[in-house]
Amino acid sequence: MQEQEKPSEVTNPEESVVSEIPQDAAAAQEPVVDTLAQLEAKVSELQDAFMRAKAEGENIRRRAQEDIAKAHKFAIESFAEAMVPVKDSLEMALKIETPSIDSLKEGVEMTLKQLSSAFEKNRLLEISPVTGDKLDPNKHQAISMVPAEQDANTVVTVLQKGYTIADRLLRPALVTVAQAK
């Protein structure tokens, strides 16, 4: 008869399960647990960094909106500061009880200098074409065409000066231009 193999005697069933797990696999579970803890810490760190960056972005956006609002509110402050002395000069001229024509003329000339200086300081520049200049539709507005002894589409007379502010047309110069012959 054949001898049957006897199963090994198991006194504790847990020992059999543990003894069946290779020792390498048990050792492999420890690094997995460590790696999982490291990844969770990294996720937490990245979430914190994201929230801080998001808050910083919101703060920058809010500050930018406040700066824009202030810029709109006080945009003409510089121009207003330059205009106050002009107003003062005009008021002083009106207070003179017996002005002479010469003193009025002198006062108006000084006030015009102040006004011109205020315009220049704030980059408000005149467009004043001279007779014979070529019509520039970006700076001039032709009111009429008149017969003239000069080339067609050139300025004959300036009816009203134009103005630019910071290289942007504020008002075109009103001109009459020469008609084609």
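Before reading further, recall that the structure is shown in the block above.
Here is what the cut-offs are and how they apply
- Residue positions are given per chain, counted from 1 along the sequence in the order it is written.
- Residues qualify for local features only when their pLDDT is at least 70, as the model is predicted, and side-chain atom pairs are given and counted only at 80 or more; totals for whole chains, interfaces and linings, by contrast, use all residues.
- Here the side-chain values reflect all heavy atoms present in the structure, with hydrogen atoms and water set aside.
- A pocket, in this scheme, is an open set of points on a 1 Å grid over the protein atoms alone with protein on both sides within 12 Å along at least 5 of 7 lines, while a cavity is a set where a 1.4 Å probe fits but cannot get out; residues line either one if an atom lies within 4 Å of a point.
- Grid points are joined across faces, edges and corners, and a volume is the space filled by probe spheres set on the points.
- Helix and strand assignments come from DSSP, with helices taken as H or I runs of at least 4 residues and strands as E runs of at least 2, each series counted from the N terminus.
- Side-chain classes follow a simple rule in which Ala, Val, Leu, Ile, Met, Phe, Trp, Tyr, Cys and Pro form the nonpolar group, Asp, Glu, Lys and Arg form the charged group, and the remainder, Gly included, forms the polar group.
- Only heavy atoms matter for contacts: two residues are in contact if any of them lie within 4.5 Å across the pair.
- Each residue after the first adds 1.5 Å to the expected span of a helix.
- The buried label applies to any residue whose accessible area, calculated with a 1.4 Å probe on protein chains only, is under 20% of its type's maximum; exposed applies above 50%, and partly exposed to all values in between.
- This arc corresponds to the set of directions leading from the helix axis out to the C-beta atoms.

1. Concerning the layout of surface pockets
(1) Moving on: Put simply, the largest pocket is a space of about 310 Å³.
(2) Moving on: Lining the largest pocket are 15 residues; nearest its centre among them are S89, A93, G107, V108 and T111.
(3) Moving on: Elements with a contribution of two residues or more to the lining of the largest pocket: helix 3 (77-95) and helix 4 (101-121).
(4) Moving on: Residue contributions to the lining of the largest pocket peak at 9 residues, all from helix 4.
(5) Moving on: Its residues placed into classes, the lining of the largest pocket shows 9 nonpolar, 5 polar and 1 charged.

2. Concerning the side chain of H140
(1) Moving on: If you trace the backbone, H140 turns up in strand 2 (residues 140-146).
(2) Moving on: Sequence-distant contacts of H140, that is, excluding residues within four places in its chain, are made with I127, P129, K134, L135, P172, A173 and V175.

3. Some details on helix 4
(1) Moving on: Across its 21 residues, helix 4 extends 30 Å between first and last C-alpha, which sits within 8% of the 30 Å expected from 1.5 Å per residue.
(2) Moving on: Within the sequence span of helix 4, burial applies to T111, A118 and F119. In a view along the axis of helix 4, the buried residues occupy a sector of 95 degrees, so they form one face of it. Among the exposed residues of helix 4, those oriented more than 90 degrees off its buried face are D102, K105, M110, K113, E120 and K121.
(3) Moving on: The inward-facing, buried residues of helix 4 abut helix 3, strand 1 (124-127) and strand 4 (162-165).
(4) Moving on: At the exit of helix 4 stands R123, carrying a positive phi of roughly 60 degrees.

Taken by themselves, the reported measurements are silent on function.
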